[in-house]
Amino acid sequence: MAQIKAPDAEAVAEPGEHERWLREALAEAALALAAGDVPVGAVAVCNGRVVGRGYNRKEATRDPTAHAEMLALQMAARALGGWRLPGVTLYCTLEPCPMCAGAIVQARLPRLVYAVDDPNSGAAGSVVNLLQHEQLNHRVEVIRGILAQEAQALLQAFFEGLRDGRIPSRSAAWRRRRLASEGQT
């Protein structure tokens with residue numbers, strides 16, 4: 001991917017822009033759902049252009065760090081030529097976990113926009129608030145609740161599919177194979 005010039009000053013998105021970019025993140029989440037992974041998607045936007053995108057790939061890659069946000073930030077860093085991403089807004093369908101929130105702070109993102117709170121591991125205020133923690137060297141503006149119903153519907157479809165067997169539980173199959181290879185049953 002060709003390098004994109006980082007902005008000199010933070011660009012503030014118009015309210016309709018948040019919905020536009022969150023729809024892009026929802027499209028990424030749909031890819032995760034189709035692949036049998038938790039449907040979370042993210043896009044990183046700089047100067048009105050997507051510079052990074054990702055969807056959950058933990059099951060496909062068997063990598064605990066293959067979260068949508070991490071993949072989008074990695075792609076944005078490559079596109080912009082550095083790990084500091086001061087002009088980038090990250091759009092996510094689900095509130096980031098502590099790992100992803102830490103990466104957002106490390107990348108110096110000015111803003112995070114997300115759809116649905118994560119009451120189990122959300123790190124933008126639901127469980128903890130790493131993005132605005134007073135002892136960290138950077139704070140992130142957080143905008144929540146944009147297209148929440150659409151994102152929630154994808155999540156519900158995934159977990160209903162797990163319960164009724166339409167979506168195979170890859171984690172359970174992996175655990176069975178691992179235990180079998182270790183001689184445990």
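Positions within a chain are numbered from 1, following the residues in the order the chain's sequence is written. Given that this is a predicted model, residues contribute local features only at a pLDDT of at least 70 and side-chain atom pairs are listed and counted only at 80 or more, while totals for whole chains, interfaces and linings are drawn from all residues. Side-chain descriptors were evaluated using all non-hydrogen atoms of the structure, hydrogens and water having been removed beforehand.

**Student:** Break down helix α5 (residues 148-164) for me, citing the residues and quoting the values.
**Tutor:** In this model, α5 (17 residues) spans 24 Å end to end at C-alpha, consistent with the 24 Å of a helix rising 1.5 Å per residue. The classification of residues rests on relative accessible area computed with a 1.4 Å probe and restricted to protein chains. Under 20% of the type maximum is buried, over 50% is exposed, and intermediate values are partly exposed. In DSSP terms, a helix is any run of H or I states spanning at least four residues, a strand is any run of E spanning at least two, and both are numbered starting from the N terminus. Looking at α5, one finds that the buried residues are A151, L154, L155, F158 and G161. All buried residues of α5 lie within an arc of 125 degrees about the axis, which places them on one face of the element. Residues of α5 that are exposed and point over 90 degrees away from its buried face: Q149 and R163. Directly beyond the C-terminal end of α5, a positive phi value near 90 degrees is found at G165. Under the convention used throughout, the expected extent of a helix is 1.5 Å for every residue step, that is, one less than its residue count. Working note: the arc is built from the helix axis to C-beta atom directions.

**Student:** Please set out helix α3 (residues 68-80) residue by residue, giving values where relevant.
**Tutor:** An ideal rise of 1.5 Å per residue puts 18 Å on 13 residues; α3 measures up with 18 Å between its terminal C-alpha atoms. Looking only at α3, the buried set comprises A68, E69, M70, A72, L73, A76, A77, A79 and L80. Residues are treated as being in contact if the distance between any of their heavy atoms lies within 4.5 Å. Buried residues along α3 sit against β1 (41-46), β2 (49-55), β3 (88-94) and α4 (98-106). One or two residues past the end of α3 sits G81, with phi positive at roughly 80 degrees.

**Student:** Give me the pairing of β1: which residues, what numbers.
**Tutor:** Buried residues dominate β1, accounting for six of its six residues. Residues G41, V43 and V45 of β1 are buried on one face, and the alternating residues A42, A44 and C46, pointing to the opposite face, are buried as well. Here, any two strands with at least 2 DSSP bridges between them count as paired. By the bridge criterion, six bridges tie β1 to β2 in an arrangement that is antiparallel. By the bridge assignment, A44 is partnered in β2 with G52. Where β1 folds back on β2, the antiparallel hairpin that results is connected by two residues, among which N47 adopts a positive phi of roughly 55 degrees.

**Student:** Any chance you could break down the state of the cysteines for me, citing the residues and the numbers?
**Tutor:** Cysteine sulfur atoms are paired as a disulfide whenever they come within 2.5 Å of each other. On inspection of all chains with the given rule, the structure shows zero disulfides. Here C92 is not disulfide-linked; the sulfur of C100 is the nearest cysteine sulfur, at 7.5 Å. A residue is classified by how much of its surface remains accessible, and C92, at 0% relative accessible area, is buried. C100 forms no disulfide, and the closest cysteine sulfur to it belongs to C97, at a distance of 3.8 Å.

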